[in-house]
Amino acid sequence: MPPVAMMKLRGAKELEAALLELPTRIGKGALRRSMLKMLQLVADDAAARVSVKSGRLKAKIAVKAQLSRRQRRGRAKGKGVIEAFVGATPARHAHLVELGTGPRRQRNGKSVGAMPARPFMPPAWEANKNRLLDEMGAAMWAEIEKAAKRLAKKSLKAGK
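Rules of the game
All residue numbers refer to positions counted from 1 along the written sequence of the respective chain. Selection of residues for local features in this predicted model requires a pLDDT of at least 70, selection of side-chain atom pairs for listing and counting requires 80 or more, and totals for whole chains, interfaces and linings are taken over all residues. Values shown for side chains rest on all heavy atoms present in the structure; no hydrogens or waters enter the calculation. In this description a helix means any DSSP run of H or I spanning at least four residues, a strand means any run of E spanning at least two, and both kinds are numbered starting from the N terminus. Any two residues having at least one pair of non-hydrogen atoms within 4.5 Å are treated as being in contact. What pLDDT expresses is the predictor's confidence in each residue, scored from 0 to 100. Put simply, a salt bridge is a Lys or Arg side-chain nitrogen that is within 4 Å of an Asp or Glu carboxyl oxygen. Burial classes follow relative accessibility: with a 1.4 Å probe on protein chains only, a residue under 20% of its type's maximum area counts as buried, one over 50% as exposed, and anything between as partly exposed. Take the buried Ala, Val, Leu, Ile, Met, Phe, Trp, Tyr and Cys residues and link them wherever side-chain atoms come within 4.5 Å; each set so joined is a nonpolar core. What makes two strands pair is DSSP finding at least two bridges between them.

Note that Ala 47 resides in helix α2 (residues 24-49). Once residues within four sequence positions are removed from consideration, Ala 47 is found in contact with Lys 58 and Ile 61.

Below, the structure is given as structure tokens:
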């Protein structure tokens, strides 16, 4: 299983206070949307780094808010945890490109050689992680403001 990178945004007491003013469901949605938007930077960079033969792997790199059932197996999710994932969604050969292979043989015994590792996700993460942290606060504020406006508009309609 590839390493999991966790990011914590610290020193954002005003951000936390604004989130606490919103209903939990709406606040979580705003945070999730901002995370997905920021992780798209990593996905775009990773897609640019993939060695292209057919283009299928490049098209499979995406940002998701949920893992598949198989990927979730064995993961414990705590209460109040918001997760987002970036990587190659069902691409059967992504790990072979990323990690490479040892010597391979066909069923008839013919050697087809080894495939060297061509990592694309770790370099994309390393290149963008500082930018993500720098821009995450602004993205979260924008989403919180949008959510607050929608909530105010909804309460106005309900009051009429």
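Now that the structure is up, let's keep going.
Mean pLDDT over the protein works out to 83, with 91% of the residues at or above the 70 mark. Across the protein, the element-wise mean pLDDT spans from 75 in helix α4 (residues 69-72) up to 92 in strand β1 (residues 61-64).

The next subject is the pattern of salt bridges. Scanning all chains against the criterion turns up six salt bridges. Glu 126 is paired through a salt bridge with Lys 129; the nearest N and O atoms lie 3.1 Å apart. One end of the pair, Glu 126, and the other, Lys 129, are both in helix α6 (residues 121-159), three residues apart, so they sit about a helical turn from each other. With a relative accessible area of 48%, Glu 126 lands in the partly exposed category. We note a salt bridge from Lys 146 to Glu 143, for which the minimum N-O separation is 3.8 Å. Linking Lys 146 with Glu 143, this pair stays in helix α6, spanning three residues, or about one helical turn. Via salt bridges that share partners, Arg 33, Lys 37, Glu 143 and Lys 146 belong to a single interconnected network.

Formed by 34 residues in total, the largest nonpolar core has its most connected members in Leu 39, Val 42, Leu 57, Ile 61, Phe 120 and Ile 144. At the level of secondary structure, the elements contributing two or more residues to this core comprise α1 (13-21), α2, β1, α5 (94-99) and α6. Looking at this core element by element, the count peaks at 10 residues for α2. Residue contacts for Ile 144: discarding those within four places in its chain leaves Leu 15, Ala 18, Leu 19, Leu 22 and Ala 30.

Residues Ile 61 and Val 63 point to one face of β1 and are all buried, whereas Ala 62 and Lys 64, pointing to the other face, are not buried. As judged from the four bridges shared by β1 and strand β2 (residues 85-88), these two strands associate in the antiparallel manner. Bridged to Val 63 within β2 is Val 86.

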